[in-house]
Amino acid sequence: MTGITDLSKLLSSMSPELQAGEFVFCSVKGRIADYAHLNPLCFFHEQEGLTLVLAAESAIQAYLPFEARFKQITLTVHSSLEAVGLTAAVAQKLTDNGISANVIAAYYHDHIFVPIDKAALAMSALKEFSAL
């Protein structure tokens, strides 16, 4: 099934869902295999180290440092990896509400990590797209 590319369809049908749990971003040295037991939600290799996105409890149990806790909002619409403007529109809506966002695009959906104390406001703001 091909993802949606039409921006107006994406915005009106994104159906954001707040996921359970709290997540953190950690920067570590080593290989992915060294951290697989922590079941990271995702990882990314950067020049400075390996970034892990994982459950806050896992980071705490493994004594991994992190700076902040986030809630994950999943845009449940199947967006195409070639769609233009979705990330920009979401980022602008959150910016207008004073909410920082860390966006991860996966194959089917986009996932937005927002500060835990702004999660309810972020959900409310994103749901405004479906009211247009």
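Our structure is the block above this text.
Here the structure is a predicted model, which means the values were calculated and not measured.

### Considering the packing of aromatic side chains
(1) Moving on: Under the definition given, this model contains four aromatic pairs.
(2) Moving on: Summarising the aromatic geometry, the rings of Phe 23 and Phe 113 are spaced 6.0 Å apart at their centres and angled 80 degrees between planes, so their arrangement reads as edge-to-face. Residue Phe 23 is found in strand β2 (residues 23-28), and its partner Phe 113 is found in strand β7 (residues 110-115); the two are separated by 90 residues along the sequence.
(3) Moving on: Using a relative accessible area of 11% as the deciding quantity, one classes Phe 23 as buried.
(4) Moving on: Judged by its relative accessible area of 1%, Phe 113 falls in the buried class.

### Remarks on the pattern of salt bridges
Pairing between side chains of opposite charge can happen when their charged atoms approach one another.
(1) Moving on: Evaluation of the coordinates by the stated rule reveals three salt bridges.
(2) Moving on: Residue Asp 34 is joined to Arg 31 by a salt bridge in which the shortest nitrogen-to-oxygen separation is 3.4 Å.
(3) Moving on: Classification of Arg 31 by relative accessible area gives exposed; the value is 54%.
(4) Moving on: Close ionic contact of Glu 128 with Lys 93 constitutes a salt bridge, the shortest N to O distance being 2.8 Å. Of this pair, Glu 128 sits in the segment after α4 (119-127) while Lys 93 sits in helix α3 (residues 86-96); the two residues are 35 residues apart in sequence, bridging distant segments of the chain.

### Quick look at unusual backbone geometry
(1) Moving on: In the Ramachandran plot, Ser 15 falls in the positive-phi region, its phi being about 40 degrees despite a non-glycine side chain.
(2) Moving on: Within the secondary structure layout, Ser 15 lies in the loop between α1 (7-12) and β1 (16-18).
(3) Moving on: Even without a glycine there, the phi angle at Asn 39 is positive, about 50 degrees.
(4) Moving on: Following the sequence through the fold, Asn 39 ends up in the loop between β2 and β3 (42-46).
(5) Moving on: With a relative accessible area of 64%, Asn 39 lands in the exposed category.

### Focus on α3
(1) Moving on: Residues Leu 86, Ala 89, Val 90, Lys 93 and Leu 94 constitute the buried set of α3. Seen end-on, α3 carries its buried residues on one side only, within an arc spanning 130 degrees. Residues of α3 that are exposed and angled more than 90 degrees away from the buried face: Ala 88, Thr 95 and Asp 96.

### Remarks on the environment of Gly 85
(1) Moving on: Residue placement: Gly 85 occurs in the loop between β5 (70-75) and α3.
(2) Moving on: Gly 85 gets classed as partly exposed once you look at its relative accessible area, which sits at 25%.
(3) Moving on: For the pair formed by Gly 85 and Leu 7, sequence separation is 78 residues and the distance between their alpha carbons is 6.5 Å.

### So, the environment of Ala 119
(1) Moving on: Tracing the backbone through its elements, the reader meets Ala 119 in helix α4.
(2) Moving on: The exposure class assigned to Ala 119 is buried, which follows from its relative accessible area of 4%.
(3) Moving on: Sequence-wise, Ala 119 and Ser 12 are 107 residues apart; in three dimensions their C-alpha atoms are separated by 20 Å.

### Digging into α4
(1) Moving on: Along α4, the residues that are buried comprise Ala 119, Ala 122, Met 123, Ala 125 and Leu 126. Around the axis of α4, the buried residues are gathered within 165 degrees of arc, so they sit on the same side.
(2) Moving on: Of the surrounding secondary structure, the elements contacted by the buried residues of α4 are β1, β5, α3 and β7.

Parameters and conventions
- Numbering of residues starts from 1 in each chain and follows the order in which that chain's sequence is written.
- It should be noted that, the model being predicted, local features are given only for residues of pLDDT at least 70 and side-chain atom pairs only at 80 or more, the latter also being counted only at that level, while totals for whole chains, interfaces and linings use all residues.
- The basis for the side-chain values is all heavy atoms of the structure; hydrogens and waters are excluded.
- Pairing of aromatic rings covers Phe, Tyr and Trp, the last counted by its six-membered ring, and requires centre-to-centre distances within 6.5 Å; plane angles under 30 degrees mean stacked, over 60 mean edge-to-face, and any other angle means tilted.
- Helix numbers and strand numbers start at the N terminus; a helix is a DSSP run of H or I with at least 4 residues, a strand a run of E with at least 2.
- Between buried and exposed lies partly exposed: a residue is buried under 20% and exposed over 50% of the maximum accessible area for its type, with that area taken using a 1.4 Å probe on protein chains only.
- Definition used for salt bridges: Asp or Glu carboxyl oxygen within 4 Å of a side-chain nitrogen of Lys or Arg.
- The directions considered for the arc are those from the helix axis to the C-beta atoms.
- Whether two residues are in contact is decided by their heavy atoms: any pair within 4.5 Å suffices.

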